[in-house]
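Each chain, written out:
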Amino acid sequence: MNPDPNPQTSDPDSIPPGRIDIHSHILPSIDDGCATVEESLQSVRTLIEHGFVGTICTPHCWPNNFPHITPAHIKAWRDALAQEIEKAGLPYQLWTGGELRIYPDAVQWMQANGVPTLADSPYVLCDFWEPRWQDWIDETLDWLLDNGYTPILAHPERSPTHDNFEAHLDRIMDKGVLLQGNLRCFTGEEGHYPDQAIRQYMTEGRYTLLALDMHRPAVLQGRLDGIAIASEEFGEERINAMLDSEVRRLLFS
Ligand SMILES: [Fe+2]
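All values derive from a computational prediction rather than experimental measurement.

## Considerations on the environment of proline 67
Structurally, the position occupied by proline 67 is in the loop between strand S3 (60-61) and helix H2 (71-87). The class of proline 67 is exposed, set by a relative accessible area of 59%. Residues proline 67 and glutamate 237 lie 170 residues apart in sequence; the distance between their C-alpha atoms is 40 Å.

## Details of the packing of aromatic side chains
Within a pair of aromatic rings, the relevant descriptors are the distance that separates the centres and the angle that separates the planes. Counted according to the given criterion, the structure contains 5 aromatic pairs. Arranged with centres 4.8 Å apart and planes meeting at 45°, the rings of tryptophan 95 and phenylalanine 252 form a pair that is tilted. Of this pair, tryptophan 95 sits in strand S4 (residues 93-96) while phenylalanine 252 sits in the segment after helix H9 (245-251), and the two are 157 residues apart along the sequence. Comparing tryptophan 95 with phenylalanine 252, the two get one shared label, buried. Three or more aromatic residues link up through ring pairs in this structure, and these residues are Phe128, Trp133 and Phe165. Sitting over the ring of tryptophan 62, arginine 101 keeps its end group 4.2 Å from the ring centre.

## Concerning the coordination of the iron ion
Those donors, His23 (NE2), His25 (NE2), Glu99 (OE) and Asp213 (OD), are the protein atoms that reach the iron ion, and they lie 2.0 to 2.4 Å from it. Of note is the iron ion, whose 4 donor atoms meet at the metal with angles of 80 to 172° in an arrangement that counts as irregular. Donor residues for the iron ion sit on one chain with the sequence pattern H-x1-H-x73-E-x113-D. On the criterion of sequence distance, the pair formed by histidine 23 in the loop between strand S1 (19-21) and helix H1 (37-49) and aspartate 213 in the loop between strand S9 (207-211) and helix H7 (220-234) is long-range, its members being 190 residues apart. Taking the relative accessible area as the measure of exposure, aspartate 213 reaches 2% and is therefore buried.

## Considering the nonpolar core
One finds Ile26, Leu47 and Leu212 to be the most contacted residues of the largest nonpolar core, which totals 60 residues. It is H7 that contributes the most residues to this core, 5 residues altogether. In contact with leucine 47, not counting residues within four places along its chain, are Ile26, Phe52, Thr55, Tyr92, Leu212, Met214, Leu220 and Leu224. With 19 residues, the next largest nonpolar core counts Ile20, Val53, Val247 and Leu251 among its residues.

How each quantity is defined
- Residues numbered from 1 in each chain as written.
- Predicted model: local features only at pLDDT ≥ 70, side-chain atom pairs only at ≥ 80, totals over all residues.
- Heavy atoms only, no water.
- Helix = DSSP H or I, 4+ residues; strand = E, 2+ residues; numbered from the N terminus.
- Buried < 20%, exposed > 50% of the residue type's maximum accessible area, 1.4 Å probe, protein only.
- Phe/Tyr/Trp six-rings, centres within 6.5 Å; stacked < 30°, edge-to-face > 60°.
- Lys NZ or Arg CZ within 6 Å of the ring centre and 35° of its normal.
- Donors = N, O, S within 2.8 Å, 3.2 Å for Na, K, Ca; no water.
- Tetrahedral: all angles 85-135°; square planar, octahedral: opposite > 155°, others 65-115°.
- Core = buried A, V, L, I, M, F, W, Y, C linked by side-chain atoms within 4.5 Å.
- Contact = heavy atoms within 4.5 Å.

Remember that the coordinates give geometry; whether it matters functionally is a separate question.
In structure tokens form, the structure reads like this:
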């Protein structure tokens, strides 16, 4: 059997200097992200031009819309795209992950399918879309924390939950949940509320990490523009750390 030509590695010494995107729908034909291998490769080329050296593949783990997406399948899809990247001669690394949808049966789903951790670390990217806070959001986060995982809540600035939302954020952050902001929200493309909320949460120091949450190459540039806008407003050093050294400290050390 041929060895994998572009294996997943968490060895920090084997990852070249540069940015790492921890939230990405780059795997082709899996969810609402890249539609083809060529779109994935085109995205990789653009990411390299913007200083990225790798991406954690985080397709939606939500059986209501994407029943075929499980950690086992994500590993196989990651390996297949990594081989295409290798064949194309692109210096770029991929890791497995997932964007776990928090929904009433999320714990049962993980018990049946496994936990979609980021790059084999104990960190788990999560999202939810609820107009009001629900008990099962806490129950899912608590289950992860009790089992040794650290949830990273994706893009809270985009949440439609507006009933005392910041108090809920305070509570889950006190438990150990981390927050990840979406760079696109700095550009105004997401609308007024996320645009205002991401700046508020940056000022309050709520985010540990930022990410592109890229989907398709046609709309990648707007997300990359967010890096320059955020750097201008909050300092290049701080933004770079949230895309580079903080990612390495959490996931690859
Ligand atoms: Fe996402």
